[in-house]
Amino acid sequence: MSFDPPALAREIKAAQDDALSVAPITARYPRFSLAAAYDVAARVHEARLAQGAAAVGRKIGFTNPAMWASLGVDFPVWGRVYEHTATHSDSGEVRCRLDRYVEPRIEPEIVLHFHAAPPQTRDLASILACVDWIAHGFELVQSHYPAWQFQAADTVADNALHGALFVGPREEPASLGPDLIDQLERFRVALSCNGIRRETGCGANVLGNPLAALAHLLAVLADRPAGEAIQAGELVTTGTLTKAYPVHAGETWSTALEGIGLSGMRIVFDE
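About the criteria used
Residues numbered from 1 in each chain as written. Predicted model: local features only at pLDDT ≥ 70, side-chain atom pairs only at ≥ 80, totals over all residues. Heavy atoms only, no water. Pairing = 2+ DSSP bridges. Helix = DSSP H or I, 4+ residues; strand = E, 2+ residues; numbered from the N terminus. Axes fitted to C-alpha atoms, helices over the stretch in contact; angles between N-to-C directions. 1 Å grid on protein atoms, 1.4 Å probe; cavity = no way out; pocket = protein on both sides within 12 Å on 5 of 7 lines; lining within 4 Å. Points joined across faces, edges and corners; volume = space filled by probe spheres on them. Nonpolar A, V, L, I, M, F, W, Y, C, P; charged D, E, K, R; others polar.

Draft legend 1. Region of interest: the sheet that holds strand β9 (residues 196–202). Overall, mixed pairing links the five strands, which are arranged β4-β13-β12-β8-β9 in an open sheet. Both edges of this open sheet fall to β4 (93–97) and β9, since each of them pairs with a single strand only. Taking the axes of each pair of neighbouring strands and ignoring which way they run, one obtains an average angle of 20 degrees across the sheet. Both β4 and strand β13 (residues 266–270) contribute to a ladder of five bridges, which runs parallel. Paired with glutamate 93 across the two strands is arginine 266, which belongs to β13.

Draft legend 2. Spatial organisation of the layout of surface pockets. Volume-wise, the largest pocket comes out at about 390 Å³. Those elements that place two or more of their residues in the lining of the largest pocket are α1 (5–18), β3 (86–88), β4 and β7 (162–171). No other element matches β7, which puts five residues into the lining of the largest pocket. Here the residues of the lining of the largest pocket sort into eight nonpolar, eight polar and six charged. Considered as a void within the structure, the second largest pocket measures approximately 190 Å³ in volume. Along the wall of the second largest pocket there are 16 residues; nearest its centre are Ala41, Ala42, His45, Trp78 and Arg80. Listing elements by their share of the lining of the second largest pocket, those giving two or more residues are α3 (34–50) and β2 (77–82). The leading source of residues in the lining of the second largest pocket is α3, at seven residues.

Below you can see the structure in the form of structure tokens.
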């Protein structure tokens, strides 16, 4: 069976806009490829821009290999972050309503912001030189495919499962010390729900280092249209430092970081 990319883009956008569930595209069209998925995602993105949405950056998904087996994927993917999906909090405390998301899960992450377009390179120092602030954040991911059952191409079409991004206090790289690259690999984060620790993660969980996750994204984008390259002024959230945990109304999730001068966060989930 052949598929209709514009129709699939309309279906996915409607699911995102109205918090709907849809059957995985790969279950309906087994030949639906990663390239086709990025085409569908690009169509959804263009439709959002046409409606007045402002893109502010990217998210990288599936950078924690510990999650690959349970989710049926074996490589990272990427999606878009918009002004209306990103919230900045200088206090590190936020609230979030869950009624607009489908099967949401929480991911503690490292967020990078670029004052200059980063070069395609595996040299982490060269990438870091283009960063003007770093923050800890929570990404809220969601699955419009029931019970989180999908293939990688399905997630790409659905904007890499991005729901929302909450960015905590921002720090200039120079303020975090000369060994920041090592810190980003070795720091630890404790993730708790209602005061009970659920997991302790570390920077190395993100493809070895959050900056390495960015290097991977740069390599992937090098094979995409030139207009998709990361530009000055964009942020990138680099992927979860722990497993992604389901969240429910009434819960309070929090983090505490050790080994890096970034503040933890606290998020309260409402209906």
